[in-house]
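The lines below spell out each chain.
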Amino acid sequence: LLNFANMGTAGMITLLLSLPAVLIAITFHEFAHAYAADKLGDDTARLQGRLNLNPLSHTDPLGLIFLILVGFGWGRPVQINPNRFTRKYSLFASEAIVAIAGPIMNFVLAFVFLIIFYFVQKLIPATEMGYYIVLAISRVIIINIGLGVFNLIPIPPLDGSKVLMHFLPYNAKQWFYEKESIIYIVFIILLIMPGSIISTIMSPIVETIFVGMDSLVNLLFGWM
């Protein structure tokens, strides 16, 4: 975690600029879950007022703090009622689609803001204000990638576990359901420990995805 006493002015500014990035990442992530569920026939999220882009509808205090401090976190889970899904897809397939919608939204947002990042760099004068604008956009990119990757971890109740459930045999599904709370507690402990193995594994994955997106944007728009 961050050491506030030793952060300095630059560190505090970066932390403050991370707040809007975090709100954008969480809000769009949870909205994507709600939208996907709604399109599959489950109007639970709509009835609960979650089918919107209001950050207050989607933020979880603990998840928000984690996203700001370590770059990985979560929003307030979107509740679904599988019985309301249409039978166009199987139950587990529908749940997997709803689950994967959140991370996909984060990766799309990261890509869009990476394009914006390059345009802003070219258009905004090299002033102190311009620097902070570019920095704020860069935080949106990195935090969205971080949130997307984090939620793809196949550990309950993260989105990746719901995608994994689609492919597991019945007995394995039951084991995950029964041990979900214990697995999640152990996971959080591993996440917050100094020198977290989760962060150690996640960081190069986030960096690789960023480099890949950056290369694609350069390829598409000719920025070399």
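Before any of the text, the structure's been laid out above.
Residues numbered from 1 in each chain as written. Predicted model: local features only at pLDDT ≥ 70, side-chain atom pairs only at ≥ 80, totals over all residues. Heavy atoms only, no water.

**Description of a nonpolar patch on the surface**
Cut-off, in case you're wondering: Patches in this entry comprise residues that are over 30% relatively accessible and not in a salt bridge; like charges within 9 Å are linked, as are nonpolar side chains (Val, Leu, Ile, Met, Phe, Trp, Tyr) within 5 Å. Each accessible area value is a Shrake-Rupley result obtained with a 1.4 Å probe; residue values ignore everything except the protein chains displayed when judging cover. Counted as salt bridges are all cases of a side-chain nitrogen of Lys or Arg within 4 Å of a carboxyl oxygen of Asp or Glu. Here a helix means four or more residues in a row that DSSP labels H or I, a strand means two or more in a row labelled E, and each is numbered from the N terminus. Throughout this description, buried means an accessible area under 20% of the type-specific maximum (1.4 Å probe, protein chains only), exposed means over 50%, and partly exposed covers the range between.
Among the surface-exposed residues, Ile182, Ile185, Val186, Ile189, Leu190, Met193, Ile197, Ile201 and Ile205 lie close enough to one another that they form a single nonpolar patch of about 790 Å² accessible area. Looking at the nonpolar patch element by element, the count peaks at five residues for helix α8 (residues 170-192). By the secondary structure assignment, Val186 is in helix α8. Look at Val186 and you get partly exposed, because its relative accessible area is 44%.

**What about the environment of Arg87?**
Take Arg87: it is sitting in the loop between α4 (61-70) and α5 (91-123). Separated by 55 residues in sequence, Arg87 and Ala32 have C-alpha atoms that sit 20 Å apart.

**Describing the packing of aromatic side chains**
Heads up, the rule is: Aromatic contacts are taken between Phe, Tyr and Trp rings whose centres are within 6.5 Å, Trp giving its six-membered ring; a plane angle under 30 degrees counts as stacked, one over 60 as edge-to-face, and the others as tilted.
Within this structure, the stated rule accounts for six aromatic pairs. Ring centres of Phe150 and Phe187 lie 5.7 Å apart, and the angle between their planes is 35°; on these two criteria the pair is classed as tilted. Of this pair, Phe150 sits in helix α6 (residues 128-151) while Phe187 is found in helix α8, placing the two residues 37 residues apart along the sequence. Residue Phe187 is classed as buried on the basis of its relative accessible area, which comes to 2%. Centroid distance Trp175 to Phe176: 5.4 Å. Interplanar angle 85°. Geometry classified as edge-to-face. The class for Trp175 is partly exposed, based on a relative accessible area of 44%.

**Focus: the nonpolar core**
Selection rule: What makes a nonpolar core is a set of buried Ala, Val, Leu, Ile, Met, Phe, Trp, Tyr and Cys residues whose side-chain atoms join them at distances within 4.5 Å.
The biggest cluster of nonpolar side chains holds 38 residues, and the ones touching the most others in it are Ile141, Ile145, Phe150, Ile153 and Phe187. Going through the elements one at a time, α1 (8-39), α4, α5, α6, α8 and α9 (197-221) are the ones with two or more residues in this core. The next biggest cluster of nonpolar side chains, apart from the first, holds seven residues, and it includes Ala36, Ala37, Leu40 and Ala101.

**Considerations on the packing of α6 against α9**
Cut-off, in case you're wondering: To get an axis, fit a line to the C-alpha atoms, keeping to the stretch in contact for a helix; angles then go from 0 to 180 degrees between the N-to-C directions. For classification purposes, an angle smaller than 35 degrees is called roughly parallel, one larger than 145 roughly antiparallel, one from 65 to 115 roughly perpendicular, and anything else oblique. Helix crossings get a hand from a simple test, with the near helix turned counterclockwise from the far one by less than a right angle marking a left-handed crossing and a clockwise turn marking a right-handed one. Whether two residues are in contact is decided by their heavy atoms, any of which lying within 4.5 Å being enough. By the convention adopted, Pro, Cys, Tyr, Trp, Phe, Met, Ile, Leu, Val and Ala count as nonpolar, Lys, Arg, Asp and Glu as charged, and the other residues, Gly among them, as polar.
Orientation of α6 relative to α9, taken along the N-to-C sense of each, is 125°, at an axis distance of 10 Å. Viewed along their axes, α6 and α9 adopt a mutual orientation that is oblique. Two packed elements cross with a definite hand, and for α6 against α9 that hand is right-handed. Where α6 abuts α9, its residues Ile141, Ile142, Ile145, Gly146, Val149 and Phe150 lie against Met202, Ile205, Val206, Ile209, Phe210 and Met213. Residues that form the contact of α6 with α9 fall into these classes: eleven nonpolar, one polar and no charged.

**Examining the pattern of salt bridges**
Going through the model one piece at a time under the given rule, you end up with two salt bridges. Across the salt bridge formed by Arg46 and Asp38, the nearest N and O atoms sit 2.7 Å from each other. Owing to a relative accessible area of 47%, Arg46 belongs among the partly exposed residues under this scheme. Ionic pairing is found between Arg84 and Asp43, a salt bridge with its closest N-O pair at 2.9 Å. One end of the pair, Arg84, is in the loop between α4 and α5; the other, Asp43, is in the loop between α1 and α2 (44-47), and 41 residues separate them in sequence. Look at Asp43 and you get partly exposed, because its relative accessible area is 25%.

**With respect to the packing of α5 against α9**
Running from N to C, α5 and α9 cross one another at 55°; their axes reach a closest spacing of 10 Å. The angle between the axes of α5 and α9 places the two elements in the oblique class. Crossing of α5 against α9: the hand is right-handed. Along the contact surface, α5 presents Phe107, Ala110, Phe111, Leu114, Ile115, Tyr118 and Phe119, while α9 presents Ile209, Phe210, Met213, Asp214, Leu216, Val217, Asn218, Leu220 and Phe221. Of the residues assigned to the contact of α5 with α9, the class counts are 14 nonpolar, one polar and one charged.

**Some words on the environment of Ala172**
Note on placement: Ala172 falls in helix α8. On the basis of relative accessibility, which here comes to 23%, the residue Ala172 falls in the partly exposed class. Along the sequence, Ala172 and Pro61 sit 111 residues apart, while their C-alpha atoms lie 32 Å from each other.

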